[in-house]
Amino acid sequence: MMKIRQIFWDWNGTLLDDLWYAIGVRNRTFPLFGLPVIENLEEYFSQFTFPVREYYYRAGVTEENFNEVAHAWMNEYVRGQESIPLHSDALETIASLRKGGLSQVVLSASQIEILKGQLALYGLENTFDDVLGHDNIYADSKEMIGVRYMQKTGLTPEECMMIGDTLHDADVARGMGIRCILVARGHQSRETLETAGVPVLGSLLEAAELILKTE
C-alpha cells in the first residue's frame, strides 16, 4: 500500500469544534420561521445529514422558505463565529502530519470566503497548502473540487487520505477514490459513522498516528 502524501481535511466538526455552536445557531434561527428547536444531541444526530437541504427538510423547512432559512442560519453562524474553538488536538495533529512530510489542504462544504475568514481567526490562513470550498452557502457536493485538485497537482488516489466527521466525508472520499478516516466527535454519531466501512477513531491524534504508520 502506497504511503500517504496528501491529507484532505474537512473543517466543520473535524478541526473546528462547532457541533454545539451549530445547534445553538439553529435554536436561535429556526423558531423565527415557526420551526422547533433541538432538544438534545440525539435529536440533532437523528436529523443531521447531507446534502444540507435534506437536513433542513427533516427539520421542517420547505422548498418555499429554504433560501430564507439558510441565509438566516448563515448570518447567525457568522455573527458569533469568533467564539468557536478548534478541537483541542487540532493544532498538534496538523503539526505532527506536517513534521511527517505530508501536504495538507482543507476541503470543506463551507463558503470559501467564510472558510478563509475562519482560518484567519485561528492564525491558520498560511498553514495549509491550499483551501478548497464552495462559492455559495448551500453546501452542494464537494467531491469534484477535490478531484480537480488531485488532477491539478498530479496526486494519485493511493497517496491521499480524507479526515472528516460525517458520512458525507466518507462518500466524498469514495467518490475521489481515496482512503478516509472519520473522527467520532463532530456532527454525526459514532454509531452512524461506523456504517461507512472506514476507520472510525476518537481523536485527531489517533488519526495522525494511523496515517503516519501507513505504508
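This structure is a prediction, so every number in the text was calculated from the model and none was measured. (Residues numbered from 1 in each chain as written. Predicted model: local features only at pLDDT ≥ 70, side-chain atom pairs only at ≥ 80, totals over all residues. Heavy atoms only, no water.)

The next subject is helix 5 (residues 90–99). In an α-helix there are 3.6 residues to a turn, and that puts residues three or four apart on one side. Taken together, the buried positions of helix 5 are occupied by Ala90, Thr93, Ile94 and Leu97. Down the axis of helix 5, the buried set is contained in an arc of 100°. They therefore lie on one face. Residues of helix 5 that are exposed and point over 90 degrees away from its buried face: Glu92 and Lys99. Close packing links the buried residues of helix 5 with strand 1 (6–9), strand 2 (103–111), strand 4 (160–164) and helix 10 (204–212). Residue Gly101 follows helix 5 closely and has a positive phi angle near 90°. (Buried < 20%, exposed > 50% of the residue type's maximum accessible area, 1.4 Å probe, protein only. Helix = DSSP H or I, 4+ residues; strand = E, 2+ residues; numbered from the N terminus. Arc of directions from axis to C-beta. Contact = heavy atoms within 4.5 Å.)

Along helix 7 (residues 143–153), the residues classified as buried are Ile145, Gly146, Val147, Tyr149 and Met150. The inward-facing, buried residues of helix 7 abut strand 1, strand 2, strand 3 (130–134), strand 4 and helix 8 (167–176). Gly154 sits one or two residues past helix 7 and shows a positive phi near 80°.

Further remarks concern unusual backbone geometry. Cis geometry is adopted by the peptide bond preceding Pro51, which originates at Phe50 and carries an omega value of 0°. Assignment of secondary structure puts Pro51 in the loop between helix 2 (41–47) and helix 3 (52–58).

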